[in-house]
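What follows is the residue order along each chain.
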Amino acid sequence: AVGGNRVIRSTDNGRTWASVSIPLLRGRRFARLAAVEFISETEGVVGDAGMNDGTGRSYATRDGQTWTETAAYTDHRDIAYNGRDLWTIVGDQGIWVQDDLLVPGPKRRVLPANGARFWNVDFGSPNVGVAVDLNESRNIFRTEDGGETWQTTGGYPGPVQAGQQQLIGVDLLDENVGAVA
């Protein structure tokens with residue numbers, strides 16, 4: 001779990017939680033951790049949306065103890081691994097992918113924002129994923145090739161009334177079953 005400048009971890013099915021130290025965050029006064037994705041007990045990525053300098057960063061660990069800054073993004077909201085070979089990062093600048101977010105490497109934007117504010121992304125299988133647009137268009141985007149290309153499936157049901165919350169979270173159980181909240 002992440003939030004603010006903290007990461008907490010459970011090793012007993014969520015019964016107890018302990019803080020995880022990420023030394024790279026010590027010099028950042030206003031870290032805004034907004035995303036976390038682990039692919040094993042020790043390998044994972046934490047995303048800092050970048051509040052104090054306008055630049056988001058990703059920090060990765062392979063052993064659960066040692067952290068490395070692996071990527072910089074203008075602003076990112078969520079990170080997801082497709083379960084096979086590609087990491088997807090979403091935010092105000094669009095949808096980005098990177099082959100291995102656990103080490104520094106090249107990233108590429110596969111879908112410019114074009115007014116969208118991507119907030120959340122999840123994969124139900126190595127091929128099928130969904131990203132949610134928080135803007136007034138309320139679009140839901142879907143990939144069927146592991147994150148390389150994305151198409152809108154149309155907006156989610158509305159209308160969204162003044163003061164009503166936008167749908168921002170997505171969770172896919174598999175390629176066919178999922179929820180947006």
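This text gives an overview of the structure that appears in the document. (Residues numbered from 1 in each chain as written. Predicted model: local features only at pLDDT ≥ 70, side-chain atom pairs only at ≥ 80, totals over all residues. Heavy atoms only, no water.)

A word on the overall build of the protein. Looking only at helices and strands, the protein has zero helices and 17 strands in total. The burial tally for the protein puts 40% of its 181 residues in the buried class. The contacts of the protein with a sequence gap of at least 6 include a subset with a gap of at least 24, amounting to 39%. Split by element, the accessible area of the protein, about 9,200 Å² in all, is 48% carbon and sulfur. (Helix = DSSP H or I, 4+ residues; strand = E, 2+ residues; numbered from the N terminus. Buried < 20%, exposed > 50% of the residue type's maximum accessible area, 1.4 Å probe, protein only. Contact = heavy atoms within 4.5 Å. Areas by Shrake-Rupley, 256 points an atom, 1.4 Å probe, with all protein chains shown as cover.)

With that out of the way, let us pick up the sheet that holds strand S10 (residues 94–98). The strand order across the open sheet formed by four strands is S8-S9-S10-S11, and the pairing between neighbours is antiparallel. A strand with exactly one partner marks an edge of an open sheet, and here the two such strands are strand S8 (78–81) and strand S11 (107–112). Sheet twist, expressed as the mean angle between neighbouring strand axes with direction ignored, is 25°. (Pairing = 2+ DSSP bridges. Axes fitted to C-alpha atoms, helices over the stretch in contact; angles between N-to-C directions.)

Another aspect to go through is the packing of aromatic side chains. Scanning the model with the defined rule gives four aromatic pairs in all. Centroid distance Phe-38 to Trp-67: 6.4 Å. Interplanar angle 75°. Geometry classified as edge-to-face. One end of the pair, Phe-38, is in strand S4 (residues 33–38); the other, Trp-67, is in the loop between strand S6 (56–61) and strand S7 (68–73), with 29 residues separating them in the sequence. Residue classification places Phe-38 among the partly exposed positions, given a relative accessible area of 33%. Residue Trp-67 is classed as buried on the basis of its relative accessible area, which comes to 8%. Arranged with centres 5.1 Å apart and planes meeting at 70°, the rings of Phe-118 and Phe-141 form a pair that is edge-to-face. Here Phe-141 lies in strand S14 (residues 139–143) and Phe-118 lies in strand S12 (residues 118–123), a separation of 23 residues in the sequence. (Phe/Tyr/Trp six-rings, centres within 6.5 Å; stacked < 30°, edge-to-face > 60°.)

Despite not being glycine, Asn-13 has its phi angle at roughly 60°, a positive value. With respect to the helices, strands and loops of the structure, Asn-13 is situated in the loop between strand S2 (6–9) and strand S3 (18–19).

With that out of the way, let us pick up the side chain of Asn-82. Its location among the elements puts Asn-82 in the loop between S8 and strand S9 (87–91). There is a polar contact of 2.7 Å between the side chain of Asn-82 and the backbone nitrogen of Arg-84. A polar side-chain atom of Asn-82 sits 3.1 Å from the main-chain carbonyl oxygen of Gly-146. Ignoring sequence-local partners within four residues, the contact set of Asn-82 consists of Phe-123, Ser-125, Pro-126 and Gly-146. (Polar contact = N/O pair within 3.5 Å; in protein donor to acceptor, adjacent residues only side chain to side chain.)

A word on the nonpolar core. The tendency in soluble globular proteins is for nonpolar side chains to be buried side by side. One finds Ala-80, Val-90, Ile-95, Leu-111, Ala-116, Phe-118, Val-121, Phe-123, Ala-131, Phe-141 and Trp-150 forming the largest nonpolar core, which totals eleven residues. Of the residues forming this core, the biggest block, three residues, is contributed by S12. In this structure Phe-123 touches Ala-80, Tyr-81, Asn-82, Thr-88, Val-128, Gly-129, Thr-143, Gly-146, Gly-147, Trp-150 and Leu-172, once residues within four positions along its chain are discounted. Ala-35, Ala-71, Ile-89 and Leu-102 belong to the second-largest nonpolar core, a separate cluster that totals ten residues. (Core = buried A, V, L, I, M, F, W, Y, C linked by side-chain atoms within 4.5 Å.)

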